[in-house]
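Here are the chains, one letter per residue:
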Amino acid sequence: MAFFVEVLVGGLLAGVMYSLVALGFVLIYKASGVFNFAQGAMVFFAATTYAGLVGLGWSGWVAFVASLGVMVVFALATERFVLRPLVNQPQISLFMATIGLTFVLEGVAQGVWGAEVRGLELGIPDSPLEVKGILISKFDLVAGATAGGLVAVLALFFQKTRVGRALRAVADDHQAALSVGIPLGRIWALVWGAAGAVALVAGLLWGSRLGVQFALTQVALKALPVLILGGFTSVAGAIVGGLIVGASEKVAEVYLGPLIGGGIENWFPYVLALLFLLVRPDGLFGEKRIERV
Amino acid sequence: MTGKVPGPLLLEVRGVSLSFGGVHALRDVDFHVHEGEVCAIIGPNGAGKSSLLNVINGVYSPNAGTITYAGETRRAMRPHRAAEQGIARTFQNIALFKGMSVLDNVMTGRALKMRRGVFWQALYWGPAEREELEHRARVEKIIDFLQIEHVRRTLVGRLPYGLQKRVELARALAAEPRLLLLDEPMAGMNIEEKQDMCRFILDANDELGVTVVLIEHDMAVVMDIADRLVVLDYGRKIADGAPAEVRANPEVIAAYLGVPTAADDRALKEAG
Amino acid sequence: MIYREAGQFRTTYAADQRVFPITQDRVGMAILLLVAFVVVPLTASSYALTALLVPMLVLSLAALGLNILTGYAGQFSLGTAAFMSVGAFAAYNFQLRVPGIPLLVSFALAGLVAAAVGLVFGLPSLRIKGFYLAVATLAAQFFVDWLFTKVAWFSNDSPSGTITAQPMVIAGFPIDTPARRYLLVLSIVSVLALAAKNLSRTATGRAWMAVRDMDVAAEVIGIPILRTKLVAFGISSFYCGVAGALWAFAYLGTVEPQAFDLQRSFQILFMVIIGGLGTVMGAFLGAAFILLFPLFLNWALHLVVRGDLRPGLLSQLELVFFGALIIVFLVVEPHGLARLWQITKEKLRLWPFPH
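The residue numbering used here restarts from 1 in each chain and proceeds along that chain's sequence as written. Following the order in which they are written, the chains are lettered starting with A and the ligands numbered starting with 1. Totals for whole chains, interfaces and linings use every residue, but because this is a predicted model, local features are given only for residues with pLDDT of at least 70 and side-chain atom pairs only at 80 or more, for both listing and counting. Excluding hydrogens and water, the side-chain values take into account all heavy atoms of the structure.

Caption draft 1: Broad picture of the overall build of chain C. A count of helical and extended segments in chain C gives 14 helices and four strands. Throughout, the radius of gyration refers to the C-alpha atoms, and the reference size of a globule is 2.2 Å times the residue count to the power 0.38. In terms of overall size, chain C behaves like a compact globule, its C-alpha atoms giving a radius of gyration of 21 Å where 355 residues would be expected to give roughly 20 Å. Dimensions of chain C along its principal axes, counting C-alpha atoms only, are 65 × 65 × 45 Å. We call a residue buried when its accessible area falls under 20% of the maximum for its residue type, exposed when it is over 50%, and partly exposed in between, using a 1.4 Å probe and counting protein chains only. Within chain C, buried positions represent 51% of all 355 residues. The contact definition used throughout considers only heavy atoms, calling two residues in contact when any of these lie within 4.5 Å. Of the contacts made within chain C by residues no fewer than 6 positions apart, 75% connect residues no fewer than 24 positions apart. Segments assigned H or I by DSSP are reported as helices when at least four residues long, segments assigned E as strands when at least two residues long, and all are numbered from the N terminus.

Here is the structure:
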């Protein structure tokens, strides 16, 4: 029983990390209606930049701020060269453009900093903590707390502030928002910058766990079932979805895996999401789409 | 037009109620149409006119009441079944397939009549080609009838609004329907275009024998082409009969012109 | 001037419905086919045949399949490579376990198996739309990946799931030279391309496009939505399955499940987007472009940068340029190369006049 709880807790905490990546997706989708496939690449890019700067001898905090700055520049460039020309195009075009962005980010990150795997030291000890006979990783706890904090801040932002409301208007209809005078370009730059910051945090956490390597981009793919379960537009959904995916994936791997050969982590969350979609086509917390004839 | 002898009963809707959450779109509506009639449904915005059409052809299922069409009575119509039994319609916000040409759009109206399976179509030579050409010939007659030959290869999304409405009518007629439901077919048109549409609708009714139910706001058009008028207000039917008599009905006048009723007087008094 | 339609009057509907109603187009196509079937096998180098033309044709076939699903029927799919994988492994197993089965029958059956799998993963499409459907197709991608790697039966107990395609023989005639492989692939792809074109201009194609553009209206006309979508999934997967079988038998020879990974699905998606969604020509143009682009980039970079590049830098630059190119395409011509070709033809019609 204790083992099960351990697996569960480990999965939940991993799930929080997925939520962090999913959060970036939700931010952008909520505010611009764009499904940003490049989120994973942004995580990788941010982490690589940080690790690269640290490798050059810069101190941790300076490197952090500098990386944040790089992500902001990226957001501005994306708004100017990708989003603005494609305003009001169908969603699939914008989605494909983000795939293009993915390649650019991956290429630049590896081209500038090289393709080797780097370690990332954040100064958080990975020693286990014992609570009532269950072992929990301190690192996971810190990661969980960070993610939780970020989510709370963002949720408040969207719900309570004027800018947050404007963002929701923008996501619904670009042209309408423009005609009401909402400064689309500035808002998009803001949101992508925020998503970039979230990506940086996620990148640091994931990077110190896995090492900064190309496989980080695959983590973003895992965020997709999270989004399905939680709905594309809900910040709370990203958390709940992340927890469900993280927990179920671990539990399935440990208990179901040995029965059918192992390695089911790769597809289990997707099949779960698929089955879920059949019951709730718009996700747990997603907004129902209304089609009028 | 007076002087027309109504044919047998084609469609009868009894006691139909429809609500979405708290909004009552239709309350206990009785409605019938005879074969060969041109029946117009009028009423203020939000009266439930489109909802009534949607119930008739199965886009919505009513919460109460029955629909009797071509002899069969049922609780709700399904869109596929409605199409099979010869009900065709146009929509308020043009429901054309924007990515296809005019010709292709109208050809989709023949979808139920084309029998050849996927394999023959992939081969094309032989039975599938013959079927395509046969239906093309019929569709061309309708294109001719509605005078849209000059745009037959144009992508529908590029056409002006008035022509799009005509293409939608063509698609509906291509199905050779028994009952044609038109939802504001003349919205946004100028006088000339409206005259053209009236002519098309009357010709369809006259020459092709199609029964027409149309929703329309322009009273001049309605008076001109309708055999019968049905008035809806807040989801209820408040009048049903020949245009001239409905027009003189005081309740209809009140609904349209907003003459205050006793309830309005009371409300004003209570507000002080 | 060469491309004038003047004087060409189509007096029957049959003439109007032709795939190439203009005489010059017909002549052009005839010449193209002549070159492809006769001139190329006799004159092209072994390298060109094996490394360029065969993969281009096979990937065009997969792109055709995806085009049917995403371009015509509007169902977004990221699982293309999974269906190719099913086709490849199915063909291998048929050849392995059914003694004496003709090669083409194996291919056809492999396509059917892929179609069946496609139908299963297409069932959710009635309820799920858009990006949600895309993510659902990812489930297919990852699951199939895992299945063929882990379950040894599919690869005849090979430890990593690798299969080695059997040598190809048709009616006693071995297909073992580059030219013969090229002709085999060209024939199969031509037939299937024609079938796809035919489907696009008859009731099935119209039903697909209707469902893509406005499914509520399509339903009201009487088009059966679920069946239309399933037919799209089935036929699309059939094409991808045959493409997968050809990839294994006529191109790679030895195939591991990774050959059909997510990257491959994206590659084919790009072919369709850059080539032009909803066109048969687009599949071929896109495949050619995507295969030739890295070669072109390689050549261009070596012109600019004398000396050796850091290993790996070339592929990274490729990534950056490719990503940028996709964005540029989407901004400048979202309807792809096929549309650019159409515009060129229209200009040719008027040439030398400007309008």
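Now that the structure has been shown, the text picks up again.
Caption draft 2: View of the interface of chain A and chain C. With 47 residues of chain A at the interface, the matching set in chain C holds 34 residues. Buried area between chain A and chain C, summed over both chains or domains, comes out near 3800 Å², and the portion from carbon and sulfur atoms is 79%. Buried area is understood as the total, over both parts, of accessible area removed when two parts are fitted together, assessed with a 1.4 Å probe. The largest per-residue losses of area from chain A upon contact with chain C belong to Met96, Phe103 and Trp267 of chain A, which jointly make up 17% of the total buried on that side. The rule for a salt bridge is simple: a side-chain nitrogen of Lys or Arg has to be within 4 Å of a carboxyl oxygen of Asp or Glu. Connecting chain A to chain C are zero salt bridges. For the purposes of these results, a polar contact is taken to be a pair of N or O atoms within 3.5 Å, where, inside protein, one atom must be able to donate a hydrogen and its partner to accept one; residues adjacent in sequence count only when each atom of the pair is a side-chain atom. Across the contact surface, chain A and chain C share one residue pair in polar contact (both at pLDDT 80 or more). Every element with two or more residues in the side of chain A that touches chain C is listed here: α3 (60-83), α4 (91-113), α9 (216-230) and α11 (268-279) of chain A. Here the element with the most residues in the side of chain A that touches chain C is α4 of chain A; it accounts for 16 residues. Here the side of chain A that touches chain C is composed, by residue class, of 31 nonpolar, 11 polar and five charged. All residues other than Ala, Val, Leu, Ile, Met, Phe, Trp, Tyr, Cys, Pro, Asp, Glu, Lys and Arg, Gly among them, are scored as polar; the first ten of these are nonpolar and the last four charged.

Caption draft 3: Quick peek at empty space enclosed by the protein. Residues and elements named next belong to chain A. Method remark: on a 1 Å grid restricted to protein atoms, a set of points is classed as a cavity if a 1.4 Å probe fits but cannot get out and as a pocket if it is open with protein on both sides within 12 Å along at least five of seven lines; lining residues have an atom within 4 Å of a point. Grid points are joined across faces, edges and corners, and a volume is the space filled by probe spheres set on the points. One pass over the full model with this rule turns up three cavities of 30 Å³ or more. In this model, the largest cavity occupies a volume close to 60 Å³. Lining the largest cavity are Phe44, Thr48, Ala109, Gln110, Gly114, Ala115, Glu116, Arg118, Val212, Gln213 and Phe214. At the level of secondary structure, the elements contributing two or more residues to the lining of the largest cavity comprise α2 (39-55) and α4.

Caption draft 4: Region of the structure containing the packing of aromatic side chains. For Phe, Tyr and Trp, rings pair up if their centres lie within 6.5 Å, where Trp contributes its six-membered ring, and each pair is then called stacked (planes under 30 degrees apart), edge-to-face (over 60) or tilted (otherwise). Counted according to the given criterion, the structure contains 27 aromatic pairs over all chains. Three or more aromatic residues link up through ring pairs in this structure, and these residues are Phe25, Phe35, Phe37, Phe95 and Phe103 of chain A together with Phe76, Phe266, Phe270, Phe289, Phe293, Phe322 and Phe329 of chain C. Whether a charge sits over a ring comes down to the Lys NZ or Arg CZ being within 6 Å of the ring centre and within 35 degrees of the ring normal. The ring of Phe81 of chain A carries the charged tip of Arg80 of chain A above its face, separated from the ring centre by 5.5 Å. Positioned over the ring face of Tyr124 of chain B is Arg201 of chain C, at 3.7 Å from the centre of the ring.

Caption draft 5: Looking closely at the sheet that holds strand β4 (residues 64-69) of chain B. Residues and elements named next belong to chain B. Judged by pairing direction, the sheet is antiparallel, and its four strands sit side by side in the order β2-β1-β4-β5 without closing on themselves. Because the sheet does not close on itself, it has two edges, and the strands there are β2 (23-34) and β5 (72-74). Within the sheet, the average angular offset between the axes of one strand and its neighbour, ignoring direction, is 15°. The criterion for strand pairing is that DSSP finds at least two bridges linking the strands in question. With five bridges connecting them, strand β1 (residues 9-20) and β4 associate as antiparallel partners. By the bridge assignment, Ser17 is partnered in β4 with Ala64. Axis definition: a line fit to C-alpha positions, over the contact stretch in the case of helices; interaxial angles, taken between N-to-C directions, run 0 to 180 degrees.

Caption draft 6: Helix α1 (residues 2-32) of chain A, seen in detail. Residue and element names in this part refer to chain A. One less than the number of residues in a helix, times 1.5 Å, gives the span that helix is expected to have. The terminal C-alpha atoms of α1 lie 45 Å apart, and with 31 residues this matches the ideal 45 Å at 1.5 Å per residue to within 8%. Taken as a whole, α1 carries its principal kink of about 25° at Val21. Of all the 31 residues making up α1, 22 are buried; the element is thus mostly covered by neighbouring parts of the structure. Positive phi shows up at Gly33, right after α1, with a value of about 70°. Bend is computed residue by residue as the angle between axes fitted to the seven residues ending at the residue and the seven residues starting at it.

Caption draft 7: Representation of the pairing of β4 of chain B within the structure. Residues and elements named next belong to chain B. Sheet topology places β4 next to β5; three bridges connect them, and they run antiparallel. Within β5, the residue paired with Ile67 across the bridge is Arg74. Linking β4 to β5, which pair antiparallel, is a turn of two residues; within it Ala70 sits at a positive phi near 50°.

Caption draft 8: Layout of the state of the cysteines. Residues and elements named next belong to chain B. The disulfide criterion used throughout: a pair of cysteine sulfur atoms within 2.5 Å. Taken as a whole and judged by the stated rule, the model has zero disulfides over all chains. Cys39 provides the cysteine sulfur closest to Cys198, a residue in no disulfide bond, and the two sulfurs are 15 Å apart. Residue classification places Cys198 among the buried residues on the basis of a relative accessible area of 10%.

Caption draft 9: Expanded view of the environment of Ile41 of chain B. All names here are of chain B. With respect to the secondary-structure elements, Ile41 resides in strand β3 (residues 38-42). For Ile41, a relative accessible area of 0% gives the class buried. Considered as a pair, Ile41 and Glu216 are 175 residues apart in the sequence and their alpha carbons are 6.7 Å apart. If sequence neighbours within four positions are ignored, Ile41 has contacts with Phe31, Lys49, Leu52, Val213, Leu214, Ile215, Glu216, Val230 and Leu232.

Caption draft 10: Representation of the layout of surface pockets within the structure. Space inside the second largest pocket adds up to approximately 810 Å³. If you trace the second largest pocket, you find 28 residues lining it, with Phe103 and Glu106 of chain A together with Gln263, Phe266 and Leu319 of chain C closest to the centre. When residues of the lining of the second largest pocket are assigned to their parent elements, the largest contribution, six residues, is made by helix α11 (residues 262-275) of chain C.

Caption draft 11: Representation of the nonpolar core in the model. Here, the term nonpolar core denotes a set of buried Ala, Val, Leu, Ile, Met, Phe, Trp, Tyr and Cys residues that are joined through side-chain atoms within 4.5 Å. Phe35, Trp192 and Leu224 of chain A together with Leu61, Phe107, Tyr239 and Phe270 of chain C are the most contacted members of the largest nonpolar core, which has 207 residues in total. Val106, Val167, Ala172 and Ala204 of chain B belong to the second-largest nonpolar core, a separate cluster that totals 48 residues.

Caption draft 12: Fine view of the sheet that holds β3 of chain B. All names here are of chain B. Spatial ordering of the open sheet is given by β6-β7-β8-β3-β9-β10, a layout of six strands whose pairing is mixed. With one partner strand each, in any of the chains shown, β6 (87-89) and β10 (236-241) form the two edges of the open sheet. The sheet shows a mean angle of 15° between the axes of neighbouring strands, taken without regard to direction. With four bridges connecting them, β3 and strand β8 (residues 211-215) associate as parallel partners. If you follow Cys39 over to β8, its bridge partner there is Val213. Together, β6 and β7 (179-183) form the strand contacts of helix α6 (residues 161-174), whose direction differs from that of β7 by roughly 160°. Strands in contact with helix α7 (residues 191-207) are β3, β7 and β8; relative to β8, the strand with the most contacts, it is inclined by about 155°.

Spatial relationships are all this shows, so hold off on functional conclusions.
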